[in-house]
Amino acid sequence: MKSFLKKLVETTSPSGYESAIREVIRAEVAPLADEVRVDALGNLIALKKGRAQNGGQKIMLAAHIDEIGIIVTHVDDNGFVRFQPVGGVRTLNCVGGRVRFLNGAQGVIGSERLEDPQRVPAFERLYIDLGVQERASCPAKVGDVAAFERPFLDLGDRLVAKSMDDRIGAYVLVETLRQFSTGNLQTPHQLYFVFSTQEEVGLRGATTAAFGLDPDLGLSVDVTGSGDTPKGLVMDVYLGKGPAIKVRDGGMLSDPRVVRWMVDGAENAGLPYQLEVLEGGTTDARAMQLTRAGVPVGCLSIPCRYIHSPSEMVDFNDVQNGIKLLAELMSRPVNLADL
């Protein structure tokens, strides 16, 4: 199954330009779902119908398929490209990095000479070198977008790619859907697997999808930070210790009943899990929570190192246990009133 993940993470699809990754996922889920459609904002929505005639709930499961990237703002006479970020790109991670444009053109990010080389350059000091010598021969023009270019790296349990955020969440959704389509699992619910767009620039796809679906319950599947690197983030989440159940992040408080339900599901199935409190950032769960009259939500998180860099790292055991936990939760009735 790593071959499918490799295809997901190596596909170039920055925010607003998700057509390529959407088609990769559509080809995988079309034989597995009862219905598949694409909405006006480009969200891919796959429905798995439950066996219950009544008593089941409409549950929205969301993972975003866009990735951070850059957009061209100017091309000078010598063919050097100036750019601005699309999503949470940090200049610290840019210099020396490679990018791929949607037309296939590739380039390397350079920096002007800095008066103080100890300082992190601003975006205004960075440029992309596409190997040309004049503006007329530059394959990128103003308004073109690109994403970081890095091959998938398999280190055994640890996997590295430029877009684990959040192709790993999409992978979890696809493999969970597969459990209900080709395995022995059944669900009492109407499960809407939403592969959402434009999350990195403001949760836009999930906002419109949630409004259209009006779910009874929502779960996002996304990455979260880890506290297991030298002098890194102070956080009780670690690679290899299981998927994380979000309690809070910078934009959302999970419904306490949803947290208890997820914890109970993990413990009853004997699956490892961690509780997550993230200081900054948020997920599609925030958009679902605030739709219409409000929706109880939670988030299943995959611990990840080096988020929003060209080399994001996850542990494949956490991913597999995340699939098992999500499948376990979706296979049973949900009654939040009892929690």
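Before any of the text, the structure's been laid out above.
We now turn to the structure provided with this report. All values reported here derive from a predicted model rather than from experimental measurement.

The next point concerns the sheet that holds strand β16 (residues 297-303). Across the sheet, eight strands lie side by side as β1-β2-β12-β3-β13-β16-β14-β15; this open sheet has mixed pairing. In this open sheet, the two edge strands, each paired with only one partner strand, are β1 (35-38) and β15 (274-277). Direction aside, neighbouring strands of the sheet carry axes that sit 25° apart on average.

Once that is clear, we can look at the pairing of strand β9 (residues 145-148). In terms of strand pairing, strand β4 (residues 69-75) meets β9 through two bridges, oriented antiparallel. The partner of Ile70 across the bridge, within β9, is Ala146. Pairing of strand β6 (residues 98-101) with β9, which is carried by three bridges, proceeds in the antiparallel orientation. Residue Val99 lies in a different strand from β9, and its bridge partner there is Phe148.

With 57 residues, the main nonpolar core has Ile25, Met164, Phe195 and Met330 as its most contacted residues. If you tally residues by element for this core, the top one is helix α3 (residues 164-182), at nine residues. Other than its neighbours up to four places away in sequence, Met164 contacts Leu5, Val9, Phe152, Leu159, Gly169, Val223, Cys304, Glu312 and Val314. Listed in part, the 21 residues of the second largest apolar core include Cys94, Phe101, Ile128 and Phe148.

Okay, the sheet that holds strand β11 (residues 158-161) next. Sheet architecture is open: three strands sit in the order β10-β11-β17, paired in antiparallel fashion. The open sheet has two edge strands, β10 (153-155) and β17 (312-315), and neither has a second partner. Within this sheet the neighbouring strands show an average axis-to-axis angle of 20°, counted without direction. In the sheet, β11 pairs with β17 via four bridges, with the strands oriented antiparallel. Bridging across to β17, Leu159 finds its partner in Val314.

This part is about helix α2 (residues 19-29). Within α2 the residues assigned to the buried category are Ile21, Arg22, Val24, Ile25 and Val29. One side of α2 carries all its buried residues, which in axial view fall inside an arc of 160°. Where α2 is buried, its residues touch α1 (2-10), β1, β2 (44-48), α3 and β12 (190-196).

Moving on: the pattern of salt bridges. Using the criterion set out here, one finds 19 salt bridges in the structure. A salt bridge links Lys2 to Asp154, with the nearest nitrogen and oxygen atoms 3.2 Å apart. Highlighted residues: Lys2 in helix α1 and Asp154 in strand β10, separated in sequence by 152 residues. A salt bridge links Glu35 to Lys49; its shortest N-O distance comes to 3.5 Å.

Let's shift gears to the side chain of Thr197. Relative to the helices and strands, Thr197 is located in the loop between β12 and α4 (204-213). Judged by relative accessible area, Thr197 falls into the buried class, the value being 0%. The residues touching Thr197, leaving out its near neighbours within four places in the chain, are Glu18, Leu41, Gly42, Asn43, Asp66, Arg204, Gly205 and Ala206.

It is worth spelling out the packing of aromatic side chains at this point. For the structure on display, the rule yields four aromatic pairs. Judged by centre distance (6.1 Å) and plane angle (35°), the rings of Phe4 and Tyr171 are tilted. With Phe4 in helix α1 and Tyr171 in helix α3, this pair connects stretches of sequence that are 167 residues apart. Judged by its relative accessible area of 2%, Tyr171 is buried.

Most peptide bonds take the trans configuration, and most residues that are not glycine carry a negative phi. Here Asp165 and Asp166 are connected by a cis peptide whose omega angle stands at 5°. By the secondary structure assignment, Asp166 is in helix α3. Backbone geometry places Gln198, a non-glycine residue, at a positive phi of 55°. Looking at the secondary structure, you find Gln198 in the loop between β12 and α4. Overall, the relative accessible area of 18% leaves Gln198 in the buried class. Phi at Asp214 takes a positive value of approximately 50°, unusual for a residue other than glycine. Within the secondary structure, Asp214 is located in the loop between α4 and β13 (217-224). Here Asp214 falls in the partly exposed class, since its relative accessible area comes to 37%.

Procedures and definitions
- Residues numbered from 1 in each chain as written.
- Predicted model: local features only at pLDDT ≥ 70, side-chain atom pairs only at ≥ 80, totals over all residues.
- Heavy atoms only, no water.
- Pairing = 2+ DSSP bridges.
- Helix = DSSP H or I, 4+ residues; strand = E, 2+ residues; numbered from the N terminus.
- Axes fitted to C-alpha atoms, helices over the stretch in contact; angles between N-to-C directions.
- Core = buried A, V, L, I, M, F, W, Y, C linked by side-chain atoms within 4.5 Å.
- Buried < 20%, exposed > 50% of the residue type's maximum accessible area, 1.4 Å probe, protein only.
- Contact = heavy atoms within 4.5 Å.
- Arc of directions from axis to C-beta.
- Salt bridge = Lys/Arg side-chain N within 4 Å of Asp/Glu carboxyl O.
- Phe/Tyr/Trp six-rings, centres within 6.5 Å; stacked < 30°, edge-to-face > 60°.

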